[in-house]
Structures are given as structure tokens and as C-alpha cells.
Amino acid sequence: MSNWLEHSVQVEVPYSIDTVWSLWSDLEQMPNWMEWIASVDIREDDPSLSRWHLNSQSFQFSWNARIVRKVANQIIQWESVDGLANRGAVRFYDRHGSSIVKLTVAYDIPGWLGKLMDNLFLGRLVETTLQADMDRFRDYITNQHLTT
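My aim in this report is to walk through the structure given alongside it, one point at a time. (Residues numbered from 1 in each chain as written. Predicted model: local features only at pLDDT ≥ 70, side-chain atom pairs only at ≥ 80, totals over all residues. Heavy atoms only, no water.)

1. Remarks on the sheet that holds strand E3 (residues 49–56)
Alright, step 1. Across the sheet, which stays open at both edges, the seven strands sit in the order E1-E7-E6-E5-E4-E3-E2 with antiparallel pairing between neighbours. Since the sheet does not close on itself, it has two edges, and those belong to strand E1 (4–13) and strand E2 (37–42), each with one partner. Going from strand to strand, the sheet's axes swing by 20° on average, the running direction of each strand aside.
Alright, step 2. In the packing of helix H1 (residues 17–24) onto the sheet, contacts are made with E1, strand E4 (59–71), strand E5 (75–83), strand E6 (86–94) and strand E7 (99–108), and the angle to E6 comes to roughly 160°. (Pairing = 2+ DSSP bridges. Helix = DSSP H or I, 4+ residues; strand = E, 2+ residues; numbered from the N terminus. Axes fitted to C-alpha atoms, helices over the stretch in contact; angles between N-to-C directions. Contact = heavy atoms within 4.5 Å.)

2. Things to note about the pairing of E5
Alright, step 1. Sheet topology note: the E4/E5 ladder contains eight bridges and is antiparallel. Bridging from a neighbouring strand, Ala65 pairs with Ser80 of E5.
Alright, step 2. Counted along the chain from E4 to the antiparallel partner E5, the turn is three residues long, and its residue Asn73 has a positive phi close to 65°.
Alright, step 3. Relative to E6, E5 runs antiparallel, the two being bridged by five bridges. Among the inter-strand pairings, Gln77 is bridged to a residue of E6, identified as Ala89.
Alright, step 4. Where E5 folds back on E6, the antiparallel hairpin that results is connected by two residues.

Scope: geometric values only; no functional claims are made or implied.
Structural data, given as C-alpha cells:
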């Protein structure tokens, strides 16, 4: 039986949609602000495929994901094709001088992990971590912008 959890978080970033899109759409940069993402490797033979490695204390997962929809300055949508079952989207909203970035992530909790951890606790932990990641993104882009 499937046990999917979904979370949405967002942050306002004081930069243009072009600047925000440019950084976020470079998926290999994500470990710079996503705490649990150890690495993202884009496949050279098919740029719509990438290999993801999650590392959260004692939990390690890997999966391949495919970009299923990508519209510049609007959305990047993905789904895993193997490994840790997940899907989601990053949506970008232009606020004329600033941008809103909204991340929605859904994942299937592996059976052994669901038994180990209460889903409500796990959900709160993931959502808190994702919001902190979004805040780190805002800080990261600000620091990148200040040093260039």
C-alpha cells in the first residue's frame, strides 16, 4: 500500500524572475541550499534525466528523476523513474522586482521507514527542512548576487 506525503513551501526572493530561474534551473547547484541533497548529476546523454543522492544523518537514498515539464521562468516539474519514489514541482511567480518560489514535493514513504517513524513527525520534519532550504536559497542567491 502506498503512503504518499506532500508538502508545499515558498519564499519571496528580492531578485528578478530571470535571476531566480537561472540559479534554480541549474539543478546541480541545489546541494548549495538543500540540506538533505548531497548531489545532483545531470546525464550528459539526456539532460532531462538526473541522478539524485539524499543524505540525512543515517538515511541515504538515491534515485533517477526525469523533468516532465519545464517552462522558463514558470515551472520545473519532475518525477522519479526509479529508487526513492517522489515527484513535485518548483513554480516561479514574477512580482516585478522580486520573485516567489514555491516548492511542492511528494514522496512515497518506504514501508520500513513508515513503521520506524510516525508519519506526522516525519511530515513536520520534512516540511520544516524544506522551508529552511527555501530560506537558504534566498540567502544563497543574495550572497551570490553580492559577490558578483
